[in-house]
Amino acid sequence: MTVTLLGAAEIRALAADLDVTPTKKLGQNFVVDANTVRKIVHVARVSAADRVVEIGPGLGSLTLAILETGAPVTAVEIDHRLAERLPATAAAHGVPAEALTVVDADALRVTELPGAPNVLVANLPYNVSVPVLLHFLETFEGLERGVVMVQAEVGERLAAGPGSKIYGAPSVKAAWYGAWRLAGTVSRQVFWPVPNVDSVLVAFERDAVPRGTDAQRRAVFQIVDAAFGQRRKMLRQSLSEVLGGSSAVASELLTAAGVDPTTRAEQLTIDDFARIAAARG
Ligand code: SAM
């Protein structure tokens, strides 16, 4: 199978043919550079043995680069015109019909995916990148690893460790699932239209052993949200409501969990948050 990639002129022609004017609302900045999509697939280490899910395939530039490896792709696209056209684009570029499954849906709402994907690869719509990532990690436990392109600030936050200003609830929630790292920067010039933000690649590997059950995760995330909701306050204050209703009870529970009640949210690791949730019971 020889798959050819989309060129910049063809991408614009496809959009014109579909009468698609890229919208900010759907985060539609299409990659028009073959080197960039090949780089994303390379960083994700996609091989023919993988099964990939792509969120927001758009006109198909990244999709074709993934399919070029021989891995089958399930692609979830909210824009009906784009979802409808993708199979024909793939076929015209040498992709056998069975290699691509298009799901015409809002990725934030999908709860089932054909193809049992083990790898996530996406140039994410920037306005929903964190919620859609967390939704996929929560819902599709078979996802072992992935590489996503996101706005630079979001990527830095996802990969941040404790003690920095950018460390926040998304960093801790992402860490619940596994390890995250920044995996390269992407020039604005590779997009059409050119966005007014910088982009980075972020890679993740899911932990081999899950940290806990769904109920435990929900309990931890509730504490994380409360702690970062008032990130300037000491934990005994910011967590007083979720830990027993008073700062005295919260202090006791925090101490039992081995966490100093006078520290702040940004100092805590995912392990600390998990111990606090366990101490609350
Ligand atoms: N993958 C393509 C590329 O790299 O050229 C397009 C990436 S573009 C940044 C984001 C894509 O996500 C668009 O095609 C947009 O229509 C789609 N999208 C936006 N919100 C979505 C959602 N909630 N669910 C699924 N797709 C979405």
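Definitions and limits used
Residues numbered from 1 in each chain as written. Predicted model: local features only at pLDDT ≥ 70, side-chain atom pairs only at ≥ 80, totals over all residues. Heavy atoms only, no water. Helix = DSSP H or I, 4+ residues; strand = E, 2+ residues; numbered from the N terminus. Buried < 20%, exposed > 50% of the residue type's maximum accessible area, 1.4 Å probe, protein only. Contact = heavy atoms within 4.5 Å. Areas by Shrake-Rupley, 256 points an atom, 1.4 Å probe, with all protein chains shown as cover. Near = heavy atom within 4 Å. Polar contact = N/O pair within 3.5 Å; in protein donor to acceptor, adjacent residues only side chain to side chain. Nonpolar A, V, L, I, M, F, W, Y, C, P; charged D, E, K, R; others polar. Domains from an automatic or database assignment. Buried area = accessible area lost by both parts, 1.4 Å probe. Salt bridge = Lys/Arg side-chain N within 4 Å of Asp/Glu carboxyl O. Pairing = 2+ DSSP bridges.

Here we look at the overall build of the chain
The number of helices and strands found in the chain is eleven helices and nine strands. Seen through its C-alpha atoms, the chain measures out along the principal axes to roughly 65 × 35 × 30 Å. Counting all 281 residues of the chain, 51% fall into the buried class. Of the contacts formed within the chain by residues at least 6 apart in sequence, a portion of 72% connects residues at least 24 apart. Total accessible area on the chain stands at roughly 12700 Å², and carbon and sulfur atoms take up 52% of it.

Looking at the site of the ligand
For the ligand, the set of nearby residues contains 22 residues, the closest of which are Val-31, Gly-56, Glu-77, Asp-106 and Ala-107. At a separation of 3.2 Å, an oxygen atom of the ligand approaches a polar side-chain atom of Ser-61. At 2.8 Å, a backbone N or O of Ala-107 approaches a nitrogen atom of the ligand. Contact with the protein chains covers 98% of the free accessible surface of the ligand, which is 600 Å². Sorting the residues of the shell around the ligand by element identifies strand 1 (30-31) and strand 3 (73-77) as the ones contributing at least two each. Taken together, the residues that form the shell around the ligand break down as eleven nonpolar, seven polar and four charged.

As for the domain arrangement of the chain
Under the domain assignment, the chain is made up of domain 1 (8-206) and domain 2 (214-280). A straight line from the C-alpha centre of domain 1 to that of domain 2 covers 34 Å. Taking both partners together, domain 1 and domain 2 bury about 1200 Å²; carbon and sulfur atoms supply 65% of that area. In terms of surface lost to domain 2, no three residues of domain 1 exceed Val-172, Lys-173 and Trp-176, which account for 44% of the buried area on that side. We note a salt bridge from Glu-138 to Arg-217, for which the minimum N-O separation is 3.3 Å. One can count six residue pairs in polar contact (both at pLDDT 80 or more) joining domain 1 with domain 2. Residue contributions to the side of domain 1 that touches domain 2 peak at six residues, all from helix 7 (residues 169-177).

Here we look at the side chain of Thr-74
With respect to the secondary-structure elements, Thr-74 resides in strand 3. Ignoring any residue separated from it by four or fewer positions in sequence, one finds Thr-74 in contact with Val-52, Val-53, Glu-54, Thr-101, Val-103, Leu-113, Pro-114 and Gly-115.

Looking at the pairing of strand 4 (residues 100-104)
As paired strands, strand 3 and strand 4 are joined by five bridges and run parallel to one another. Its bridge partner lying in strand 4, Val-76 is registered against Val-103.

Some points on the environment of Arg-232
Looking at the secondary structure, you find Arg-232 in the loop between helix 8 (214-229) and helix 9 (235-238). For the pair Arg-232 and Ile-166, spaced 66 residues apart in sequence, the C-alpha to C-alpha distance is 13 Å.

Looking at unusual backbone geometry
Most of the time, phi is negative for any residue but glycine, and the peptide bond is trans. At the junction of Trp-192 and Pro-193, the peptide bond is cis and its omega measures out at -5° in the coordinates. Positive phi values are uncommon outside glycine, yet Asp-19 reaches one of about 60°. Tracing the backbone shows Asp-19 in the loop between helix 1 (8-18) and strand 1. What makes Asp-19 exposed here is its relative accessible area of 62%. One non-glycine residue, Ala-116, adopts positive backbone phi at about 40°. Here Ala-116 lies in the loop between strand 4 and strand 5 (119-123).

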